[in-house]
Amino acid sequence: MAIIQTIASIVVLGIIYKRMKGRELPAPVSKGQALVPILLGIISLPLSFIMVLGNSLFMQAIGVDSSEFPLAVHSVYSAFFGAGLPEEVAKLLIILLCLLIFRSKIKNVYEYILIGAAVGFGFTLFEEFLYGGENAAMIGRLITIAAHMVFGILMAKHLGLAAYYRKTNQGSPVKEGIYAILIPIAIHTLYDTGTAQNKFLEGDDEAVMIGFVLAAVAIIAMFAVQIIVLVRLKKNTDKYCGMLFANDMAVNTDNITR
């Protein structure tokens, strides 16, 4: 099943990413600029493992046992420290590395977004290979398969806006920088609170029923978030492509839709 889901992620995310790349104006990025972030994105998953392990060892050292928390608190805690924070920080580091590698080639905010999408693509490939065989979670994983790509898009979009605002003295680069990390972490934590880290599913019968409801709500909400982000990105592609970093080519984006 892991192989099947990995192949499914390659097909679905590959189609989404190819279409995103093809929509860039006046011309798409090079193959190297498109593929390198995907390959580096694979590294972000083991990097997040190191962060999770470090947090676990630290909590043990100070005597904190999250299993003693109430189920709701335990779920949020596990989702934040076990997924939301480490995975998004890991992807952020890889996105920044990609931005450094291609710093002389990146022309506009849309190319930031492509890098974020590619890093999320790479992360998903490795994650599906490791966890795709979990039958109980298969349906939820399939319909939220673009989640990490969407987190990468949101993160990179705000990083791109921050860079553009610094370059053109518009907007608030600091605010966009904060959004770049807080928004993906918040959405990711809420999603995992209801799914992978849902501790209600380990409780008594009443708690399990609550857990199933939370899981259904989280999956449906994440599916909707994917659609909304991707549709809005398609609608605003021309704007992000027009947000050029060369001063003499920059366009007015006072009415940009976030």
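Residues numbered from 1 in each chain as written. Predicted model: local features only at pLDDT ≥ 70, side-chain atom pairs only at ≥ 80, totals over all residues. Heavy atoms only, no water.

A. Local environment of the overall build of the chain. Helices and strands together make up the secondary structure of the chain, namely nine helices and zero strands. Mapped from its N terminus to its C terminus, the chain presents α and β elements in the order α-α-α-α-α-α-α-α-α. Its C-alpha atoms give the chain a radius of gyration of 19 Å, within 12% of the compact-globule value 18 Å for 258 residues. In terms of overall dimensions, the chain has C-alpha extents of about 65 × 40 × 30 Å along its principal axes. Taken over 258 residues, the chain has a buried fraction of 48%. Across the chain, contacts joining residues at least 24 apart in sequence account for 79% of those joining residues at least 6 apart. Accessible surface, the chain: about 12,700 Å² in total, of which carbon and sulfur atoms supply 69%. If the 20 positive side-chain charges of the chain are averaged to one point and the 18 negative ones to another, these points end up 17 Å apart. (Helix = DSSP H or I, 4+ residues; strand = E, 2+ residues; numbered from the N terminus. Rg over C-alpha atoms; globule rule 2.2 N^0.38 Å. Buried < 20%, exposed > 50% of the residue type's maximum accessible area, 1.4 Å probe, protein only. Contact = heavy atoms within 4.5 Å. Areas by Shrake-Rupley, 256 points an atom, 1.4 Å probe, with all protein chains shown as cover. Lys, Arg positive; Asp, Glu negative; His and termini not counted. Charge placed at Lys NZ, Arg CZ, Asp CG, Glu CD.)

B. Structural detail: unusual backbone geometry. Residues L25 and P26 are joined by a peptide bond in cis, for which omega reads 0°. At N169, a position not held by glycine, the phi torsion is positive, near 55°. Within the fold, N169 resides in the loop between α6 (147–168) and α7 (173–194).

C. Focus on the environment of L201. On the secondary structure map, L201 appears in the loop between α7 and α8 (205–235). Residue L201 is classed as partly exposed on the basis of its relative accessible area of 35%. Considering only alpha carbons, one finds L201 and F212, 11 residues apart in sequence, at a separation of 7.1 Å. Those residues within four positions of L201 in sequence are excluded, and the remaining contacts are V208, G211 and F212.

D. The arrangement of helix α4 (residues 109–131) in detail. The end-to-end C-alpha separation of α4 is 33 Å, in line with the 33 Å expected for 23 residues at 1.5 Å each. Of all 23 residues in α4, 19 are buried, a share of seventy percent or more. Backbone nitrogen of Y110 and a side-chain oxygen of the N-cap are separated by 3.0 Å at the start of α4; the cap is N108. (Expected span 1.5 Å × (residues − 1). Polar contact = N/O pair within 3.5 Å; in protein donor to acceptor, adjacent residues only side chain to side chain.)

E. Expanded view of the pattern of salt bridges. Counted by the stated rule, this structure contains four salt bridges. Among the salt bridges present, the one from E88 reaches K91, with a minimum N-O distance of 2.9 Å. A residue pair is termed a helical-turn pair when its members lie 3 or 4 positions apart in one helix, as E88 and K91 do in helix α3 (residues 71–101) at three residues. Summarising the burial analysis for this pair, E88 and K91 share the class buried. Via salt bridges that share partners, E24, K107 and E111 belong to a single interconnected network. (Salt bridge = Lys/Arg side-chain N within 4 Å of Asp/Glu carboxyl O.)

F. Just the packing of α3 against α6, in detail. It is the contact of α3 with α6, at a shortest axis distance of 11 Å, that shows an interaxial angle of 55°. Compared by their axis directions, α3 and α6 come out oblique. Along this stretch, α3 crosses α6, giving a crossing that reads as right-handed. Facing α3, whose interface residues are E87, E88, K91, L92, I95 and L96, α6 presents H148, F151, G152, M155 and L159. Of the residues belonging to the contact of α3 with α6, the class tally is six nonpolar, two polar and three charged. (Axes fitted to C-alpha atoms, helices over the stretch in contact; angles between N-to-C directions. Parallel < 35°, antiparallel > 145°, perpendicular 65-115°, else oblique. Left-handed = near helix turned anticlockwise from the far one by under 90°. Nonpolar A, V, L, I, M, F, W, Y, C, P; charged D, E, K, R; others polar.)

G. Geometry of the environment of V109. Along the chain, V109 turns up in helix α4. Judged by its relative accessible area of 0%, V109 is buried. Along the backbone, V109 and Y191 are 82 residues apart, and their C-alpha atoms lie at a distance of 27 Å. With sequence-adjacent residues up to four places away left out, V109 is seen in contact with K157, G160, L161, Y164, Y240, M243 and F245.

The quantities given are spatial measurements derived from coordinates; they are silent on function.
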